[in-house]
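Remarks on the overall topology
Single-letter residue listing:
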Amino acid sequence: MDATVPEAVKIVEGRCRICGARTEVLRLTEFNLKVCPPCFLRFFERRIRRALEKHAMVGEGERVAVAVSGGKDSTALLYALKRLGVVMGFEPVALHFHLAMGGYSDRNLEVVKEQCSRAGIPLKVLLIGDLGLRVQRVKGWTPCAVCGAIKRSLFNREARKMGAQVVATAHTLEDILLFAFKNLLSRNFRLPPPVLPPGDGLARKVKPLYYMPERLNLVYCRLRELPIFEEKCPFWSPHGHALKEVFEHMEKVVPSSKLQLLLSLREVLSLEGMTLSGPKSPCLRCGEPSSQPLCAVCQLGDWFLRGGRRTGDPS
Ligand code: AMP
Ligand code: ZN
């Protein structure tokens, strides 16, 4: 086998379980299935379609802002939604945040631009530096928490400006399991839902890759020869991802156990109130929905404007 082909797309001789052809096949241990590449592409898109329909994620005629980071997950999502939009009658548009991390963010943006032009999808880029924001440690928040808070607030306002009723993120099966697992470790018995309904000025938020193991997103990108931004974020740390290895080990020992675990958790854990932190009211400054008087973006903007000092800190 070509040494440059990553393990994720290892191809062997065999019989495709979908079309029956004796040919080159991919082994999808996650689904106990061997399939040929063309059947894989259809299988992958059909699974996303099933998630969209099962949870009524997107209605006909709606515009969907797809939050694109340029990584394998959101790239696979963007392309699959582009194809599904044609048959299901919705319109995907791409939204990317340039996260003001110097050359890393510039290179990231270039890849996203290339992806969107190849997919023929309009792209909206927001430079968070233009809003006086940046990703860094802030008064006890990790840089990742700051980044997450900025993205969550901005998804909504930018989607609205783009005329989108729906925001789609590329959270995967592993992301959902990780959330649930961390919750369980602190006796919080809630699972992130696949759809957050609209309300209080918020767009509907959907996770079409809710049941999709992330390895398959990479396989999809490789088979469709999609460009992917593969650099690690400057704030990436092995510690932040160590828990995910628990699931990878479990999957290795018991194939398809990640999906089975998620399906079991869905039966016993509550899907209610997972990420909505109480009722929202308009931010006193910018009017965006917020659970505090000032929204996260306005609070962080103030913090950076003051040069990272608390109000009352000596200047
Ligand atoms: P993360 O907070 O990195 O786990 O990302 C959560 C979701 O946000 C991803 O699944 C993407 O859909 C989206 N996302 C991540 N980074 C960006 C970005 N720079 N611009 C737009 N969307 C992003
Ligand atoms: Zn605000």
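The notes below deal with the structure included here. From a predicted model like this one, the values you see are computed outputs, not experimental measurements. (Residues numbered from 1 in each chain as written. Chains lettered and ligands numbered in written order. Predicted model: local features only at pLDDT ≥ 70, side-chain atom pairs only at ≥ 80, totals over all residues. Heavy atoms only, no water.)

This part is about helix α9 (residues 296-305). For α9, the buried fraction is high: seven of the ten residues fall into the buried class. Buried-residue contacts for α9 involve α4 (143-161). Gly307 sits one or two positions beyond α9 and adopts a positive phi of about 75°. (Buried < 20%, exposed > 50% of the residue type's maximum accessible area, 1.4 Å probe, protein only. Helix = DSSP H or I, 4+ residues; strand = E, 2+ residues; numbered from the N terminus. Contact = heavy atoms within 4.5 Å.)

Let us now look at the coordination of the zinc ion (ligand 2). Distances from the zinc ion (ligand 2) to its protein donors, Cys283 (SG), Cys286 (SG), Cys295 (SG) and Cys298 (SG), fall within 2.3 Å. Taken together, the four donor atoms coordinating the zinc ion (ligand 2) span angles of 107 to 117° at the metal, a pattern that classifies the geometry as tetrahedral. Looking at Cys286, the relative accessible area reads 32%, which means it is partly exposed. Residue classification places Cys295 among the buried positions, given a relative accessible area of 3%. (Donors = N, O, S within 2.8 Å, 3.2 Å for Na, K, Ca; no water. Tetrahedral: all angles 85-135°; square planar, octahedral: opposite > 155°, others 65-115°.)

Grouped together as the largest cluster of nonpolar side chains are 63 residues, with contacts concentrated most on Phe40, Phe44, Ile48, Leu52 and Tyr220. Not counting residues within four places of it along the chain, the set of residues in contact with Tyr220 comprises Phe40, Leu41, Phe44, Glu45, Ala76, Tyr79, Ala80, Arg83 and Leu226. One finds Ile128, Cys147, Leu300 and Phe304 within the second-largest nonpolar core, a separate group that totals 32 residues. (Core = buried A, V, L, I, M, F, W, Y, C linked by side-chain atoms within 4.5 Å.)

Time to look at unusual backbone geometry. With a phi angle near 55°, Glu225 is a residue other than glycine that sits in the positive phi range. Considering the arrangement of structural elements, one finds Glu225 in the loop between α6 (214-223) and α7 (238-253). Glu225 gets classed as exposed once you look at its relative accessible area, which sits at 63%. One non-glycine residue, Ser256, adopts positive backbone phi at about 70°. Take Ser256: it is sitting in the loop between α7 and α8 (257-268).

A few words on the pattern of salt bridges. Within this structure, the stated rule accounts for 19 salt bridges. In this structure, Lys244 engages Asp175 in a salt bridge whose closest nitrogen and oxygen atoms are separated by 3.2 Å. Highlighted residues: Lys244 in helix α7 and Asp175 in helix α5 (residues 173-185), separated in sequence by 69 residues. There is no split in this pair, since Lys244 and Asp175 are both buried. Taking the shortest distance from any N to any O, the salt bridge between Arg285 and Asp302 comes out at 3.0 Å. With Arg285 in the loop between β10 (281-282) and β11 (289-290) and Asp302 in helix α9, this pair connects stretches of sequence that are 17 residues apart. Assessed through its relative accessible area of 48%, Arg285 is described here as partly exposed. Salt bridges sharing common partners tie together Glu45, Arg83 and Arg224. (Salt bridge = Lys/Arg side-chain N within 4 Å of Asp/Glu carboxyl O.)

As for its position among the elements, Glu288 is in the loop between β10 and β11. Judged by its relative accessible area of 8%, Glu288 is buried. Ignoring sequence-local partners within four residues, the contact set of Glu288 consists of Asn156, Arg157, Arg160, Ser281, Pro282 and Cys283.

Interhelical geometry of helix α1 (residues 37-54) versus α6 gives an angle of 125° and a closest axis separation of 10 Å. The pairing of α1 with α6 is recorded here as oblique in orientation. Handedness of the crossing formed by α1 with α6: left-handed. Contacts from Pro37, Phe40, Leu41, Phe44 and Glu45 of α1 reach α6 at Leu216, Asn217, Val219, Tyr220 and Leu223. Residues belonging to the contact of α1 with α6 are distributed by class as follows: eight nonpolar, one polar and one charged. (Axes fitted to C-alpha atoms, helices over the stretch in contact; angles between N-to-C directions. Parallel < 35°, antiparallel > 145°, perpendicular 65-115°, else oblique. Left-handed = near helix turned anticlockwise from the far one by under 90°. Nonpolar A, V, L, I, M, F, W, Y, C, P; charged D, E, K, R; others polar.)

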